[in-house]
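A look at the structure
Below, each chain spelled out in residue letters.
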Amino acid sequence: MSQSTLLYIVLGACVGALLFAIWLARWVLARNTGTPEMRAISDAIQEGAEAYLRRQNKTIAMLAVVVAIVLAVGYGVLRKASPSDPLAAGPMAFYVTVSFLLGALSSGIAGYMGMWVSIRTNIRVAAAATESLNGALQTALRGGAVSGLFTVSMSLLGVGGLFAALSFFAPAGMDSLEWASKIPFLIVGYGFGASFVALFAQLGGGIYTKAADVGADLVGKVEAGIPEDDPRNPAVIADLVGDNVGDCAGRGADLFESTAAENIGAMILGVTLAKAFGVAGILFPLVVGALGLVASIIGVMVVRTREDADPMDALNRGFYVTATLVAIAMFFACKLLLNPAEFPNAWWHFYACSLVGLATSVAFVYITQYYTEYRYRPVLSIAEASQTGPATNIIAGLSVGMESTVMPVITIAIALVGSYMLGKASGITVNGEAVGGLYGTAVATMGMLGTAGYILAMDVFGPITDNAGGIVEMSHQPASIRDKTDRLDSVGNTTKALTKGYAIGSAALAAFLLFSAYLDEVKNYTGSTLTVDLSKPEVFVAALLGGMLVFWFASLAIRAVAKAAQSVIQEVRRQFKERPGIMLGTELPDYGTCVDIVTKGALKAMVLPGALVVIFPIVVGLLFKWLGGPNAHLGAEAVAGFLMIATVVGVLMAIFLNNGGGAWDNAKKYIETGVYGGKKSDAHKAAVVGDTVGDPFKDTAGPSLHVLIKLLSTITLVLAPLFI
């Protein structure tokens, strides 16, 4: 197929998915909005979420402008021109800087859309629960799907649109394929911009949501003995706001940057095989993403359940439908686009790679379910340990989190080695050298990302149903309605854990993909393959710094939650003490003060850890470049070592934090079903303490780490020319 035909397919599918997302949004917004009491609570959540996001986006925008100026000066003034540069210094600096700003803007819009939909869907789910479980389930999932489809569409539209726009500016005398091979190196800034915004959005939102949640739980449940989401708790509105700014806005920006950065990385690896596949090898990742959008739409629309059925079964069916359709679509994409006449066996090898990626996504779903659902041994062991107090609960939870790294790492290892070997066996050669291996890992990553639209819909489903349950509780609806929202909320906790597992798996595959793209870019500039030798003291030290950065970042994120939560706890205690009418139900608490406390705390605390992630690889690269002297390429090699170990440590730490935190949460919910004395028992109080320890693990540091992994990769990819 021609370049224009492929771009029409990609851009057409994106526009179609955006139109469908608009139709879904209209369908959701047409649902019933419940009672006046429900609307009053929903309006307070909406006001708090929008106010926080406005302030957060202003902060991120200022930081993004500073980085854009550094990029422009670095590329256009400080860096010496290289014969391997796609363009002269001035135009190259312009394209990289503009693509960075576009990526940052698009990522911010994607996150805002996720939050905008969720804060308007929550009340409609609460109202739908008064009529049927199926209606509430479909409303929540379709509200989440608006965010999922919009996010993935915007990401593909941004990368594909930039590629299409730049294709019209080929320098005189350069043929279209040669120019197409240079474009991915000019738009790497788009992935950097998306990752930059995603880190701050995920980190700031995570600090906000968990500071409010920890404060509300420890004073409300443990000290005051009142239920979750009780309207007498002054921190409850801040807690519900946090679900939206953390799990919706933050995760929307996260998956946006995942698809953007990974598509660009795969396109760069596709440049290596341009002689075999032509432009089809470069645009293949975008085509797969477009086909995945169509599959996700169908998967969302088939979801329905009976009143007596488990809603998780319905969501799983939708996922399996999506995954099956992606597998079918990948077959035709590989057959049509990766099937050169001189290498007739290549297409089915790469199709097998895509199935490896797809199987990896399914495996991560099952592994995460095993470690975070209370039907299985890990969570049950934490609940059992709660009978002897908070200490044994926490010890058991730490053990589960550490154990949970084993199967994901084995899965990642099988996926990477399997897809590499399949790609290498495809027969693709360039200058007599088998070069299909790395592209095989890229195709596997695309296979895993094929279901991203549906996965994000499942993720946003979680905070929507959590908010719906809070609205039902705070508006004093009958217990039968709360039972329905509790069932959906329980499923939502599982889907949030599953999508975090999926995000970690995709981050691991993507990190290898982007690391390979970095090495490929260095080779493009130096003409020789970069070997990372950890026996060199300088490279070993750089690698050690990469591992240390992950621990430092996680420490700052968790500490920020603790500090903000302390302020919330003090405020809630003050209100309970000074205004006894709150507990008697004769006066309303001051919700706004708690909202303001966590807003200020989150915005202040997110800057330092985010800045460290941006600054560290730059300092490492430039410092070791200076130490190595001219033509030694020590800067590029040190950054490669830094990135390699930061990725390995980051993946392990993210799995530990996400699964450990999820297990603690569901151990508490298992006890709330009535076992070991149920709610208000000593075992329940111990489980609540464990849950509050796990909260910043699973919703602040953990999710932020898989953004960190990809941000480090995109920074080094963008700034590789500066380190050589």
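Please read all numbers here as calculations on a predicted model, not as lab measurements. (Residues numbered from 1 in each chain as written. Predicted model: local features only at pLDDT ≥ 70, side-chain atom pairs only at ≥ 80, totals over all residues. Heavy atoms only, no water.)

Here we come to the overall build of the chain. A tally of regular secondary structure across the chain gives 23 helices and two strands. For the chain, whose C-alpha radius of gyration is 25 Å, the value lies close to the compact-globule estimate of 27 Å for 724 residues. Summarising its shape, the C-alpha atoms of the chain cover approximately 80 × 50 × 40 Å along the three principal directions. For the chain, buried positions account for 64% of its 724 residues. Considering only contacts in the chain between residues 6 or more positions apart, those separated by 24 or more positions represent 85%. In the structure as shown, the chain presents an accessible area of about 24,000 Å², 66% of it carried by carbon and sulfur atoms. (Helix = DSSP H or I, 4+ residues; strand = E, 2+ residues; numbered from the N terminus. Rg over C-alpha atoms; globule rule 2.2 N^0.38 Å. Buried < 20%, exposed > 50% of the residue type's maximum accessible area, 1.4 Å probe, protein only. Contact = heavy atoms within 4.5 Å. Areas by Shrake-Rupley, 256 points an atom, 1.4 Å probe, with all protein chains shown as cover.)

To continue, consider the pattern of salt bridges. Using the criterion set out here, one finds 22 salt bridges in the structure. Between Lys600 and Asp596 there is a salt bridge, and its shortest N-O distance comes to 3.2 Å. Highlighted residues: Lys600 and Asp596, both in helix H20 (residues 591–605), separated by four residues, approximately one helical turn. Shared partners join several salt bridges into a network, and the residues in it are Lys210, Asp213, Asp665, Lys668, Lys669, Asp691, Asp695, Lys698 and Asp699. (Salt bridge = Lys/Arg side-chain N within 4 Å of Asp/Glu carboxyl O.)

Another aspect to go through is the environment of Val522. Relative to the helices and strands, Val522 is located in helix H17 (residues 479–526). Val522 gets classed as buried once you look at its relative accessible area, which sits at 2%. C-alpha separation for the pair Val522 and Leu708, spaced 186 residues apart in sequence, amounts to 22 Å. Apart from residues lying up to four places away in sequence, Val522 is in contact with Gly527, Leu530, Ala636 and Ile724.

The complete set of buried residues in helix H12 (residues 377–385) reads Pro378, Val379, Ile382, Ala383 and Ala385. All buried residues of H12 lie within an arc of 165° about the axis, which places them on one face of the element. Contact partners of the buried residues in H12: helix H11 (346–372), helix H13 (390–403) and helix H22 (634–671). (Arc of directions from axis to C-beta.)

Turning our eyes to something else, we now look at the side chain of Ser195. Tracing the sequence through the fold places Ser195 in helix H6 (residues 188–223). Within the structure, the side chain of Ser195 is placed 2.8 Å from the side chain of Glu257, a separation counted as a polar contact. Residue contacts for Ser195: discarding those within four places in its chain leaves Glu257, Ala261, Val707, Lys710, Leu711 and Thr714. (Polar contact = N/O pair within 3.5 Å; in protein donor to acceptor, adjacent residues only side chain to side chain.)

Relative to each other, helix H7 (residues 236–272) and helix H23 (residues 682–723) sit at 30°, their axes nearing to 10 Å. By the angle between their directions, the pair H7 and H23 is classed as roughly parallel. The handedness of the crossing between H7 and H23 is left-handed. For the pair H7 and H23, the contacting residues are Asp247, Arg251, Asp254, Glu257, Ser258, Ala261, Glu262 and Ile268 in the first and Asp699, Pro703, His706, Val707, Lys710, Thr714 and Leu717 in the second. Of the residues belonging to the contact of H7 with H23, the class tally is five nonpolar, three polar and seven charged. (Axes fitted to C-alpha atoms, helices over the stretch in contact; angles between N-to-C directions. Parallel < 35°, antiparallel > 145°, perpendicular 65-115°, else oblique. Left-handed = near helix turned anticlockwise from the far one by under 90°. Nonpolar A, V, L, I, M, F, W, Y, C, P; charged D, E, K, R; others polar.)

Summarising the element assignment, Ile558 is placed in helix H18 (residues 537–578). In this structure, the C-alpha to C-alpha distance between Ile558 and Ala701, residues 143 residues apart in sequence, is 6.3 Å. Beyond its immediate chain neighbours, meaning those up to four positions away, Ile558 contacts Pro696, Phe697 and Ala701.

Moving on: the packing of aromatic side chains. For the structure on display, the rule yields 21 aromatic pairs. Members of the aromatic cluster, connected to one another through ring pairs, are Phe100, Phe192, Phe196 and Phe200. The side chain of Arg31 reaches across the aromatic face of Trp27, ending 4.2 Å from its centre. Cation over ring: Arg142 sits above Trp27, and NZ or CZ is 4.5 Å from the ring centre. (Phe/Tyr/Trp six-rings, centres within 6.5 Å; stacked < 30°, edge-to-face > 60°. Lys NZ or Arg CZ within 6 Å of the ring centre and 35° of its normal.)

A few words on the nonpolar core. Side chains that are nonpolar tend, in soluble globular proteins, to be buried together. In this structure, Phe284, Tyr439 and Tyr518 are the most contacted members of the largest nonpolar core, which totals 252 residues. A total of 20 residues in this core trace back to one element, the largest contributor, which is H22. Those residues in contact with Tyr518, other than ones at most four positions away along the chain, are Leu530, Ala636, Val639, Ala640, Thr716, Leu717, Ala720 and Phe723. (Core = buried A, V, L, I, M, F, W, Y, C linked by side-chain atoms within 4.5 Å.)

Turning to the side chain of Lys210, a few remarks are in order. Along the chain, Lys210 falls in helix H6. The exposure class of Lys210 is buried, given its relative accessible area of 3%. One polar contact links Lys210 to Asp213, side chain to side chain, over a distance of 2.8 Å. Once residues within four sequence positions are removed from consideration, Lys210 is found in contact with Val561, Asp695, Pro696, Lys698, Asp699 and Thr700.

This next bit is on the environment of Leu63. Looking at the secondary structure, you find Leu63 in helix H2 (residues 36–78). Through-space distance from the C-alpha of Leu63 to that of Phe200 is 9.9 Å; in sequence the pair is 137 residues apart.

In this structure, Tyr676 takes a positive phi of about 55° despite not being glycine. Among the structural elements, Tyr676 can be located in the loop between H22 and H23. For Tyr676, a relative accessible area of 33% puts it in the partly exposed group. A positive phi angle, close to 75°, is found at Lys680, a residue other than glycine. Here Lys680 is to be found in the loop between H22 and H23. On the accessibility criterion, Lys680 (61% relative accessible area) is exposed.

Moving on, we come to the state of the cysteines. Applying the stated rule across the entire model yields zero disulfides. Here Cys14 is not cross-linked by a disulfide; its sulfur's nearest cysteine counterpart is in Cys334, at 19 Å. (Disulfide = S-S within 2.5 Å.)

Together, Met1, Ile9, Ile328, Phe331, Phe332 and Leu336 make up an exposed nonpolar region whose accessible area comes to about 580 Å². The element contributing the most residues to the nonpolar patch is helix H10 (residues 311–337), with four residues. As for its position among the elements, Phe332 is in helix H10. Residue classification places Phe332 among the partly exposed positions, given a relative accessible area of 49%. (Patch = residues over 30% accessible without salt bridge, like charges linked within 9 Å, V, L, I, M, F, W, Y side chains within 5 Å.)

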